[in-house]
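Descriptive structure summary
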Amino acid sequence: MPILALDTSSDACSASVLTTTACFTEFEMTPRAHTQLILPMVESVLKQASLRLVDIDAIAFGRGPGAFTGLRIATGVAQGLALAADKPVLPISTLAALAQQAYQQRQASKFLVALDARMGEVYWGKYAVVAGQLQLLGEEQVLSPSAIELPASADWVAVGNGWSAYPELAEHAAPLLTASYPDWLPSAEFIAQLAWQDYQAGKALPAQQAQPIYLRNKIAQTTQERLASKAN
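Residues numbered from 1 in each chain as written. Predicted model: local features only at pLDDT ≥ 70, side-chain atom pairs only at ≥ 80, totals over all residues. Heavy atoms only, no water.

So, the confidence of the model for the protein
Mean pLDDT for the protein: 93, with 93% of residues reaching 70 or above. Overall, residues 218-232 carries pLDDT values under 50, and its contacts beyond four positions in sequence, including any with other chains, amount to 5 contacts. (pLDDT = per-residue confidence, 0-100. Contact = heavy atoms within 4.5 Å.)

Set out below in structure tokens:
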């Protein structure tokens, strides 16, 4: 069952190998160094697990939402490795990975996940554990903190650096929260856990179908728009 997972969607860079008996993970806060570190991390976790790339059943990656460049790196590396080893891929939500971490490490069951999307917005998702597995409630979104519709019920856990980036969101949600982890970033360790569930459910894809999820359709202004803005 070995699953190789990697993530470069945020300032953190990570790789992980999940086997039937253990999970081997490399995780570093490395802004703007993902391209230099991700392949050595992959080699390291494979070596720790005493495995070769051909021994892996599938390759998972953080498909977003997250930083545009980081998502392209993760997708490209995962696709390249999968094509080289003739393995399928498993695109995994970075928001879901954060909820999975809180579920595994804090035994919580309801999660409000917010990642800093910059430009005054957050990537947002609500999750709950149902029959032992994480489920998305509604849809993942990118929106301003003031536009977030908080749940009516209480007993939620706040996860992700969007909570520290926008203190007003944390203040508004405080009556609903039982705990908060406002500095967490996605990790390949928990992407691997979710990927194993997807692999068991037959959701693996051919490597050619690896695609990132941006949520924000407008990543940046076009050159023409910037020139027009300066002219006005």
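Examining the environment of Leu6
Here Leu6 is to be found in strand E1 (residues 3-7). Residue class for Leu6 comes out buried when judged on its relative accessible area of 0%. Residues Leu6 and Ala74, spaced 68 residues apart in sequence, show a C-alpha to C-alpha distance of 6.8 Å. (Helix = DSSP H or I, 4+ residues; strand = E, 2+ residues; numbered from the N terminus. Buried < 20%, exposed > 50% of the residue type's maximum accessible area, 1.4 Å probe, protein only.)

As for the layout of surface pockets
Here the largest pocket defines a volume of roughly 660 Å³. Residue assignment for the lining of the largest pocket shows that the elements contributing at least two residues are helix H1 (34-48), helix H2 (68-85) and strand E6 (110-118). Along the lines of polarity and charge, the residues of the lining of the largest pocket split into 13 nonpolar, 9 polar and 6 charged. When its volume is computed, the second largest pocket comes out at roughly 330 Å³. Lining the second largest pocket are 16 residues, with Ala96, Leu134, Leu194, Asp198 and Lys203 sitting closest to its centre. Among the elements that take part in the lining of the second largest pocket, strand E8 (residues 133-143) stands out by supplying 5 residues, more than any other. Split into classes, the residues belonging to the lining of the second largest pocket amount to 8 nonpolar, 4 polar and 4 charged. (1 Å grid on protein atoms, 1.4 Å probe; cavity = no way out; pocket = protein on both sides within 12 Å on 5 of 7 lines; lining within 4 Å. Points joined across faces, edges and corners; volume = space filled by probe spheres on them. Nonpolar A, V, L, I, M, F, W, Y, C, P; charged D, E, K, R; others polar.)

Observations concerning the sheet that holds E1
Sheet strands line up and pair through hydrogen bonds in the backbone, either parallel or antiparallel. Strand order in the open sheet made by the 5 strands is E3-E2-E1-E4-E5, with mixed pairing throughout. Lying at the two open borders of the sheet, with one neighbouring strand each, are strand E3 (23-29) and strand E5 (89-93). Strand-to-strand twist of the sheet, defined as the mean angle between neighbouring strand axes without regard to direction, takes the value 15 degrees. Bridging between E1 and strand E4 (residues 58-64) involves 4 bridges; their strand directions are parallel. Looking at E4, one finds that Leu4 is bridged to Ile59. Those strands touched by H2 are E1, E4 and E5, and its axis lies near 165 degrees from that of E4. (Pairing = 2+ DSSP bridges. Axes fitted to C-alpha atoms, helices over the stretch in contact; angles between N-to-C directions.)

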